[in-house]
Amino acid sequence: MRGMTPERETRYRDGLRSAASAGRAILEAGGSAMDAAIAAVVDMENGGTFNAGLGSCLTSAGTVEMDAAVMRGSDRGIGAVASITSVANPVELSRAVMDRTPHCMLAADGALAFAREQGFALRENFPPPSRLAEWEGKRARLKARAAGKTLEQGLAELGGVLGDQEDEVRHDPVGDDHDTVGAVAFDSAGGVAAAVSTGGIWLKMPGRVGDSPLPGAGFWAVDAAGASVATGTGESLMRVMICKHVIDRIESHGDPERACQEAVELLEKHFGPNQGGVIAVGPRGGLGWAINTNGMGRSMWRGGMKDAAVAVWPDEDWDRAR
Ligand code: GLY
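These numbers were taken from a predicted model, which means no experiment stands behind them. (Residues numbered from 1 in each chain as written. Predicted model: local features only at pLDDT ≥ 70, side-chain atom pairs only at ≥ 80, totals over all residues. Heavy atoms only, no water.)

Some points on the sheet that holds strand S9 (residues 287-291)
Thinking step 1. Overall, antiparallel pairing links the 4 strands, which are arranged S6-S7-S8-S9 in an open sheet. Of all the strands in the sheet, just strand S6 (219-222) and S9 have a single pairing partner and so form its edges. Geometrically, the sheet is characterised by an average inter-axis angle of 10° between neighbouring strands, direction not taken into account.
Thinking step 2. Bridge count for S6 against strand S7 (residues 226-232) is 4 bridges, and the pairing is antiparallel. (Pairing = 2+ DSSP bridges. Helix = DSSP H or I, 4+ residues; strand = E, 2+ residues; numbered from the N terminus. Axes fitted to C-alpha atoms, helices over the stretch in contact; angles between N-to-C directions.)

This is the structure:
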């Protein structure tokens, strides 16, 4: 994250603002928190900048396996998908699981069959060649590191070509930027919702499922309490049920900002620094976020603001001037 090229940081901030603006359009038109949260996540799945949808990272086998989920606060409605391949917008498929099946989660081939039956768009030639080049670079770096060699030596041995992905591979050699995307929303009726989507973690084992589709770990939303989503290392986040913890803390004292900090303190107590972060909205629309990584992109909009505000670094305030 720290060390992003200026071009990537600009793209990243534009992507965050675009996502919040997509949610804003829904809320301004009187739409629900659920619709707004999904619109924000769809925007990020389609942008290619984040680790979700088009921009998903790859498994050790060079394949895409995405996880996503939604939760509606009014009735604890949950829909989730795990280990799905070519579906263009996993978060929308999650909503269909919630609304059109008797289940909360579908995985792998069954989820894909459901997507086809329901007419969901699939991505062709996915992952794209640029992503496969990035995958080659990461494998090369890992192999070279293990053998005590340079990136160039590792690449030569693999016959890999990085092309215009090279800078990003150089600054992020093994994929320690997670970039799972998520959104929480609060609507004019007081409803809350959460939506989350991810490609998981770079070079994960095929079949690995992270925190994102797991209730309480990757997301949680209950009206009159709040909504939360998480990003970071799923293997740690799921073991403290971080989003459920955020909402439990909000229910205890009412402050989403403090609740996020307490949840990240719990995460750090068990698993140390550089694990991830959370965002939350409280029962009256108050916001919170906390991280123990060196950065986390975040964007927010509330009624009356001219434009969505963005921040990335831990010590950075919202660029509210906009
Ligand atoms: N937080 C996303 C994952 O670990 O899969």
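Moving on from the model shown.
Topic: the site of the ligand
Thinking step 1. Taken together, the residues surrounding the ligand are Thr180, Thr198, Gly200, Ile201, Arg208, Gly210, Asp211, Ser212, Gly232, Thr233 and Gly234.
Thinking step 2. In the complex, 100% of the free accessible area of the ligand, which totals 200 Å², lies under the protein chains.
Thinking step 3. Here the shell around the ligand is built from residues that sort into 1 nonpolar, 8 polar and 2 charged. (Near = heavy atom within 4 Å. Areas by Shrake-Rupley, 256 points an atom, 1.4 Å probe, with all protein chains shown as cover. Nonpolar A, V, L, I, M, F, W, Y, C, P; charged D, E, K, R; others polar.)

Remarks on the pairing of strand S2 (residues 77-84)
Thinking step 1. Most of S2 is tucked away, with 8 of its 8 residues classed as buried.
Thinking step 2. Between the antiparallel neighbours strand S1 (residues 66-72) and S2 lie 4 residues, among them Arg76 with a positive phi of about 55°.
Thinking step 3. Two strands pair when backbone bridges link them, and S2 and strand S3 (residues 105-107) are joined in this way by 3 bridges, in the parallel orientation. The residue of S3 that forms the bridge with Ala80 is Met105. (Buried < 20%, exposed > 50% of the residue type's maximum accessible area, 1.4 Å probe, protein only.)

Quick look at the pattern of salt bridges
Thinking step 1. All chains considered together, the criterion is met by 15 salt bridges.
Thinking step 2. We note a salt bridge from Arg13 to Glu9, for which the minimum N-O separation is 2.9 Å. With Arg13 and Glu9 both in helix H1 (residues 6-28) and 4 residues apart, the pair spans about one turn of that helix.
Thinking step 3. Look at Arg13 and you get buried, because its relative accessible area is 17%.
Thinking step 4. Across the salt bridge formed by Arg131 and Glu134, the nearest N and O atoms sit 2.6 Å from each other. Of this pair, Arg131 and Glu134 both sit in helix H5 (residues 129-147), separated by 3 residues, roughly a single helical turn. Of the two residues, Arg131 and Glu134, neither departs from the other in class, the shared state being buried. (Salt bridge = Lys/Arg side-chain N within 4 Å of Asp/Glu carboxyl O.)

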